[in-house]
Amino acid sequence: MGRADERRARQRGGRRAAPSNRSSQVAVDEGPTVVGQGRAAARRGAKGGKGGKGGKAAKKSLIRRMFTWKKILGTFLGLCLLGIGAFIVLYMMIDIPAGNADAKLESNVYKYSDGSVMTRDGDVNREIVDLSHVPKDVQKTFVAAENKSFYKDAGVDLKGTARGLLNTLSGKGAQGGSTITQQYVKNYYLTQDQTVTRKLNELVISLKLDREKSKDYILAGYINTSYYGRNAYGIQAAAQAYYRVDADKLSVAQGAYLAALLQAPSQYDWAAATDTGKKLVQARWNYVLDNMVEEGWLGKTERDAMVFPKPMAPKPAPGLGGQKGYLVKAANAALEKQLVAQGVADNAKQAEDMVGRGGWTITLNIDKKKQAALEKSVKDQLTSKLDKKKRTVDGDVQAGAVSVDPKTGAVVAMYGGVDYYKHYYNNATRTDYQPASTFKPVILAAALDESAQTQDGKAITANTLYDGTSKRPVVGSDIGFAPENEDDQDYGNITVQTAMNKSVNSVFAQLGVDVGMDKVLKVADDLGMDTADLNAVPAQTLGTMGASPLQMAGVYATLDNHGKKVTPALVKSVEHISRTVTMPDPVGDQVISREAADTVTSVLTGVVDDGTAKTSVRDNPERDGQKVAGKTGTSDNNKSAWFTGYTPSLVTSVGLFGESAKDGSQVTLTGATGLIPGVGRINGGGYPAQIWADYTFGVQTKVTKFDLETDQGAAVQPTATPTPSQTVSETPSETPTTEEPTETPTTEEPTETPTTEEPTETPTEEPTETPTETPTDDTGDPFGGVVGQ
């Protein structure tokens, strides 16, 4: 058989490849019979018989035939055509609507807990101005900030919109990338809702608007409808709110700040911004100007000569004077936080815009009578005694206070400052001052809850003896730390109860190390303080972190509530015509054991009856037998002074802060009022405790007692006594110190006399506290520790 015949035979037999030499020889010898066998083999392969390779080849061939590049390309083009067709239909169906209801801004209404109206946030602060009244260079600052291609694009950012759609579908929330046109459409024609439908509408309307309207029309709409913070809508209101000028008088530098502000109005408002916020807005301001240079809209020499234009102090809207402005702003912040938490808003900026656009009825937990009483107490006990014309330091004194119902978590009263018109920053919620020794109860709570032991393995209780020697190095710490006691006084071996009464730093530094500072900070966080970014070092035992009266009221309310977490809640309920928002329950789970919480409460009654708050609280004629627990605190260099205390039904934290009237920096309170002899130190047991007592005993008309499950602390008769060598000096601090004051002087006098008697101190200004709170705040602790009470 020739080669041609052999090839034809192979083809007839269904073979795919030429046979081997041996097979070819057999085929030649056997002739037609082999051809038939080849056909059978081919059939077997096709059916997946013994020669399975043929079946696999057939499957691969099928896949190749189905997924050819032509078919894939055809499918892709078909989908593209289908998408284009769908978009054309949408484009034809969707028209540019009239301005939506949200664009017609309303006022918010704020009510007291009884439903009576507290205030409205006033008429919406907005005034539309023609673009011709905004300098050209200022117009371009907004373009440089938000959308450099604005004058060239078709009104949409397809990549950004596609990314936003994908993120919305996948539940990742809002993403940046919208053009100025899209943002204007969202603000004026649509809503802030993050839905696929809204985004598709935004895309179509933006394309149509860009075709039908001029770029100037769109830019004017954008800068006139955007929210700039300070209740200012539109560039004219913003120019007045931040620089006290009309829009046509804005400089390029000022315009760049307003343009930068749109990214995060509250965070970037210079008057209320944190140090981080100030850095961020300055970086954003530089970004805007650099973009203008890059686009050729601003000369580099002119840009290099520009200085950041710090805005003027806020001028709050009418109706927010006194404490109302603080309450409104704090209520707004709580609502905004919940809008994000519930997914109604995707981020803080969007939430702020939702609240700022109005239409909300917000009922606060504020009790009208208690609010008035707190304001009066601050005035009577402190501000009426300040005269900045006589003493410069009097102009640096700021007060903040928060009062909470420990059973419900309701914030029933809040004092944010002398007047919202005069001091924009809320002293009740600020967290930039040290809580000092008011942190000591947290250390004890951690020790009891964690069943901590001393260095020699003994369980820590209220009766545990510690070395109270001043500047004694703590044992068991990788970091050297030897804090000084008040007046550099040595106490020898004293119980934890006595150390709390006298606020002995050396004892609590060692106590914190015995517990473990990581555990102390965890318990602090569980109780309501923000300790996430703090270093677990011994210096924290002296309260060197920042905290607000609102936070400290929550911590002590949790102790008062037997260890069940209390998160102070200012907002009671919220209503809106088109949105539903539910506020969280202020009372949460058990975060420390009841026994630990009740023991701390028991110990803190000793601070009131036998410690640094005796004169202002224990001996107050209005007390009338009311049971009280609390703690004083005075920070390093007397920059802050605190008293946080509670009865079984009311917790109140009062803080005084030294804030320079010139530049807002932290300064000393020493010398304020001119009524305190000696160096004039403002102690926690002085004005803060006086304010607390005047307010609490004024509104707490019913005498109540603590329901404590503990056998430790000053509120109960001790079941154990210290070692024999300590019996004489320590027995007094273990007596029932919450009984009438006549029971304590005979036992406590030996230890109290050297540290609490000060002949030159007037009785009304804490004679029992001045010596124990004056010298050691100026020790220059290398760890920045607080050494006051």
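Conventions we followed
- Residues numbered from 1 in each chain as written.
- Predicted model: local features only at pLDDT ≥ 70, side-chain atom pairs only at ≥ 80, totals over all residues.
- Heavy atoms only, no water.
- Helix = DSSP H or I, 4+ residues; strand = E, 2+ residues; numbered from the N terminus.
- Buried < 20%, exposed > 50% of the residue type's maximum accessible area, 1.4 Å probe, protein only.
- Pairing = 2+ DSSP bridges.
- Axes fitted to C-alpha atoms, helices over the stretch in contact; angles between N-to-C directions.
- Contact = heavy atoms within 4.5 Å.
- Salt bridge = Lys/Arg side-chain N within 4 Å of Asp/Glu carboxyl O.
- Core = buried A, V, L, I, M, F, W, Y, C linked by side-chain atoms within 4.5 Å.
- Left-handed = near helix turned anticlockwise from the far one by under 90°.
- Nonpolar A, V, L, I, M, F, W, Y, C, P; charged D, E, K, R; others polar.
- Phe/Tyr/Trp six-rings, centres within 6.5 Å; stacked < 30°, edge-to-face > 60°.
- Lys NZ or Arg CZ within 6 Å of the ring centre and 35° of its normal.
- Parallel < 35°, antiparallel > 145°, perpendicular 65-115°, else oblique.
- Polar contact = N/O pair within 3.5 Å; in protein donor to acceptor, adjacent residues only side chain to side chain.
- pLDDT = per-residue confidence, 0-100.

Colleague: Account for the environment of Asn 683, naming residues and giving values.
Modeller: Tracing the chain through its elements places Asn 683 in the loop between strand E15 (650-658) and helix H26 (687-699). For Asn 683, a relative accessible area of 3% corresponds to the buried category. Asn 683 sits 41 residues away from Trp 642 along the chain, and the two C-alpha atoms are 7.6 Å apart.

Colleague: Account for the sheet that holds strand E11 (residues 571-576), with residues named and values stated.
Modeller: What the four strands build is an open sheet, ordered E2-E1-E5-E11; its pairing is mixed. The open sheet is flanked by strand E2 (117-120) and E11, the only strands paired with a single partner. Put simply, the sheet's adjacent strands are angled 20° from each other on average, direction ignored. Sheet topology places strand E1 (residues 109-111) next to strand E5 (residues 360-364); three bridges connect them, and they run parallel. Following the sheet pairing, Tyr 110 is matched in E5 by Ile 362. Sheet contacts for helix H16 (residues 324-341): E1, E2, E5 and E11; angle to E5, the most-contacted strand, approximately 110°.

Colleague: Break down the pattern of salt bridges for me, with residues and values.
Modeller: Under the counting rule described, the total for this entry stands at 21 salt bridges. For Glu 146, the salt bridge goes to Arg 284, with nearest N and O atoms at 3.4 Å. Of this pair, Glu 146 sits in helix H6 (residues 136-146) while Arg 284 is found in helix H14 (residues 275-294), placing the two residues 138 residues apart along the sequence. Here the residues in one salt-bridge network are Arg 594, Asp 598, Asp 707 and Glu 709, joined through shared partners.

Colleague: Before we move on, could you go through the nonpolar core and cite the residues and values that matter?
Modeller: Nonpolar side chains in soluble globular proteins tend to end up buried together. With 84 residues, the main nonpolar core has Leu 339, Leu 364, Phe 439, Met 529 and Leu 570 as its most contacted residues. Excluding residues within four positions of it along the chain, Leu 364 makes contact with Tyr 110, Lys 111, Tyr 112, Ser 113, Met 118, Leu 327, Ala 331, Leu 570, Val 571 and Lys 572. Ile 180, Ala 239, Ala 241 and Met 306 belong to the second largest nonpolar core, which has 53 residues in total.

Colleague: Tell me about the sheet that holds strand E7 (residues 411-415), and please be specific about residues and values.
Modeller: Within the open sheet, the five strands sit side by side as E7-E6-E15-E14-E13. Their pairing is antiparallel. Of all the strands in the sheet, the pair left with one neighbour each is E7 and strand E13 (629-634). Across the sheet, the axes of successive neighbouring strands diverge by a mean angle of 5°, strand direction being ignored. Pairing of strand E6 (residues 397-404) with E15 involves eight bridges; the strand directions are antiparallel. Within the sheet, the bridge partner assigned to Val 397 lies in E15 and is Gly 658. Contacts between helix H18 (residues 368-381) and the sheet are confined to E6, E7 and E15, with E7 contributing the most and set at about 30° to the helix.

Colleague: How would you sum up the packing of H18 against H26? Please name residues and give values.
Modeller: The contact between H18 and H26 brings their axes to 9 Å, and the two run at 145°. Crossing of H18 against H26: the hand is right-handed. Of H26, the residues touching H18 (which contributes Lys 370, Ala 373, Leu 374, Ser 377, Val 378 and Gln 381) are Tyr 687, Gln 690, Ile 691, Asp 694, Tyr 695 and Val 699. Residues that form the contact of H18 with H26 fall into these classes: seven nonpolar, three polar and two charged.

Colleague: Requested: an account of the packing of aromatic side chains, with residues and values cited.
Modeller: The way to describe two aromatic rings as a pair is by their centre distance and the angle between their planes. For the structure shown, the criterion picks out 18 aromatic pairs. When the centroid spacing of 5.7 Å and the interplanar angle of 85° are considered together, the rings of Trp 692 and Phe 697 count as edge-to-face. For Trp 692, a relative accessible area of 0% translates into the label buried. Under the relative-accessibility criterion, Phe 697 is labelled buried at 7%. Taken together, Tyr 242, Tyr 243, Tyr 257, Trp 270, Trp 285 and Phe 308 form an aromatic cluster joined through their ring pairs. Lys 215 extends its terminal NZ or CZ atom over the ring of Phe 150, reaching a point 4.7 Å from the ring centre.

Colleague: Break down unusual backbone geometry for me, citing the residues and quoting the values.
Modeller: In this model, Arg 244 sits at a positive phi of 55°, which is unusual for a non-glycine residue. For Arg 244, a relative accessible area of 31% puts it in the partly exposed group. Not every positive phi belongs to a glycine, and Ala 436 is a case in point at roughly 55°. Of note, Ala 436 is situated in the loop between E7 and helix H19 (440-449). Taking the relative accessible area as the measure of exposure, Ala 436 reaches 0% and is therefore buried.

Colleague: Any chance you could break down the packing of helix H21 (residues 505-515) against helix H22 (residues 517-527) for me, citing the residues and the numbers?
Modeller: Packed helix pairs are specified by the crossing angle of their axes together with the interaxial distance, meaning the distance between the axes. The contact between H21 and H22 brings their axes to 5 Å, and the two run at 95°. Regarding the angle of H21 to H22, the classification is roughly perpendicular. Of H22, the residues touching H21 (which contributes Gly 512, Val 513 and Val 515) are Met 517, Lys 519 and Val 520. Of the residues contributing to the contact of H21 with H22, the split by class is four nonpolar, one polar and one charged.

Colleague: Hey, could you go over the environment of Thr 634 for me, with residue numbers and the actual values?
Modeller: Tracing the chain through its elements places Thr 634 in strand E13. What makes Thr 634 buried here is its relative accessible area of 0%. In this structure, the C-alpha to C-alpha distance between Thr 634 and Pro 435, residues 199 residues apart in sequence, is 7.6 Å. Among the polar contacts listed, one links the side chain of Thr 634 to the backbone nitrogen of Gly 684, at a separation of 3.0 Å.

Colleague: Requested: an account of helix H17 (residues 348-356), with residues and values cited.
Modeller: Counting buried positions over the nine residues of H17 gives seven, a clear majority of the element. Looking at H17, one finds that the buried residues are Gln 350, Ala 351, Glu 352, Asp 353, Met 354, Val 355 and Gly 356. Looking at the buried residues of H17, the elements they touch are strand E4 (232-233), helix H13 (265-268), H16 and E5. Among the residues of H17, the N-terminal cap falls to Asn 347, whose side-chain oxygen and the backbone nitrogen of Lys 349 are separated by 3.3 Å. Of the residues flanking the end of H17, it is Gly 358, one or two places downstream, whose phi is positive at about 85°.

Colleague: Lay out the confidence of the model for the protein chain in plain terms, naming residues and giving numbers.
Modeller: In the predicted model, the protein chain carries a mean pLDDT of 81, and 73% of its residues have values of at least 70. Below a pLDDT of 50 lies the segment residues 171-176, which in the model reaches ten contacts outside its immediate sequence neighbourhood of four places, other chains included.

Colleague: How would you explain the side chain of Gln 183 if you had to name every residue and give the values?
Modeller: Here Gln 183 is to be found in helix H8 (residues 180-188). For Gln 183, a relative accessible area of 15% gives the class buried. A distance of 3.5 Å separates polar atoms of two side chains, one belonging to Gln 183 and the other to Tyr 222. Once you skip the residues sitting within four places of it in the chain, Gln 183 turns out to touch Glu 146, Ser 178 and Tyr 222.

Colleague: Explain the pairing of E15 residue by residue, including any values.
Modeller: Of all nine residues in E15, nine are buried, a share of seventy percent or more. Neither face of E15 is exposed, since Leu 650, Thr 652, Val 654, Leu 656 and Gly 658 on one face and Val 651, Ser 653, Gly 655 and Phe 657 on the opposite face are all buried. Across eight bridges, the pairing between strand E14 (residues 640-647) and E15 is antiparallel. Bridging from a neighbouring strand, Gly 645 pairs with Thr 652 of E15. Between E14 and E15, which pair antiparallel one after the other, the connecting turn spans two residues.

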